[in-house]
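So you can see what is in the structure, the chains are spelled out below.
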Amino acid sequence: MIKVVSFKICPFVQRVTVILEAKRLPYEIEYISLSDKPDWFKGISPNGQVPVLISESGVALFESDAIAEYLDEIAPPLEAGSSPEQRALDRAWSYQATKQYLVQCSTMRSADKTTLQERTAKLANAFAKAEKQMTESGPYFKGEQLSNVDLAWLPLLHRADIIRRHTCYDLLQGYPKVQAWQQVLMATGLAEKSVAADFEQKFTDFYLSDETYLGASRECCGSVRDDICCTASCC
């Protein structure tokens, strides 16, 4: 059976596990601490990072982009009959998401309002590109069929959903098509299936701690956070 080595709140890991879930490929998962990496992990991960996927033949694969392509080669694609050009475009749009994972992480960890606003603006550039590219028909990025592009963006949209629910701060504010896309992807259940049972608690403990601007004060409307709130159903 395929094995995935993971850190619980890593978006790059979730990109791999959500592909496994969408393709219904059986796998097992082992969680490690990145601050205290076991020696066996150092021996199989050239870059010292997660995810690592150990194939059924025992080969340790690393880098989420490479793992995603490997999974497309060993299992039927989500979309049959895509042309080489379309597959290249799908990889390009997937990359537009994955290169924002760390941008989003730093945004959520912002210690003050100014930093949060600056980083949110940088992250918003990616959502603006998606908003412009998405079809009108939907409900997914390319239309009616779930694709690899949707799975690459899911970690971003999942984390934005958690932040909005806990703080009223919407990282997708101003992008209605992306917001609708987020709701559709969350409704598939793939987000929850692709993370640990305690993922949301681990996530909020880190990104909504008292060390972060978003976490230090989570009150909704009527508080000093009116600049952040008054944009969601909590208000």
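Up top is the structure these notes are about.
Residues numbered from 1 in each chain as written. Predicted model: local features only at pLDDT ≥ 70, side-chain atom pairs only at ≥ 80, totals over all residues. Heavy atoms only, no water.

> Which parts of the structure should I look at to understand the packing of helix 7 (residues 148-167) against helix 8 (residues 176-187)?
The angle between the axes and the distance between the axes are what describe a pair of packed helices. Orientation of helix 7 relative to helix 8, taken along the N-to-C sense of each, is 95°, at an axis distance of 10 Å. As summarised for this structure, helix 7 and helix 8 are arranged roughly perpendicular, according to the angle between their axes. On helix 8, the residues that touch Asp150, Trp153, Leu154, Leu157, His158, Ala160 and Asp161 of helix 7 are Val178, Trp181, Gln182, Leu185 and Met186. When the residues that make up the contact of helix 7 with helix 8 are grouped by side-chain class, the tally is eight nonpolar, two polar and two charged. (Axes fitted to C-alpha atoms, helices over the stretch in contact; angles between N-to-C directions. Helix = DSSP H or I, 4+ residues; strand = E, 2+ residues; numbered from the N terminus. Parallel < 35°, antiparallel > 145°, perpendicular 65-115°, else oblique. Contact = heavy atoms within 4.5 Å. Nonpolar A, V, L, I, M, F, W, Y, C, P; charged D, E, K, R; others polar.)

> Mind showing me how you'd approach the environment of Leu116 here?
With respect to the secondary-structure elements, Leu116 resides in helix 6 (residues 113-133). Put simply, Leu116 and Thr212 are 96 residues apart on the chain and 9.3 Å apart in space, counted from C-alpha to C-alpha.

> It is not clear to me how the side chain of Asp161 should be interpreted in this structure. Could you clarify?
Relative to the helices and strands, Asp161 is located in helix 7. With residues near it in sequence (within four places) discarded, Asp161 still touches Gln182 and Met186.

> Would you mind going over the side chain of Lys23 with me for this structure?
In this fold, Lys23 is placed in the loop between helix 1 (11-22) and strand 2 (27-31). Classification of Lys23 by relative accessible area gives buried; the value is 12%. A distance of 2.7 Å separates a polar atom in the side chain of Lys23 from the backbone oxygen of Pro76. Setting aside residues up to four positions removed in sequence, Lys23 forms contacts with Leu71, Asp72, Ala75, Pro76, Pro77 and Leu78. (Buried < 20%, exposed > 50% of the residue type's maximum accessible area, 1.4 Å probe, protein only. Polar contact = N/O pair within 3.5 Å; in protein donor to acceptor, adjacent residues only side chain to side chain.)

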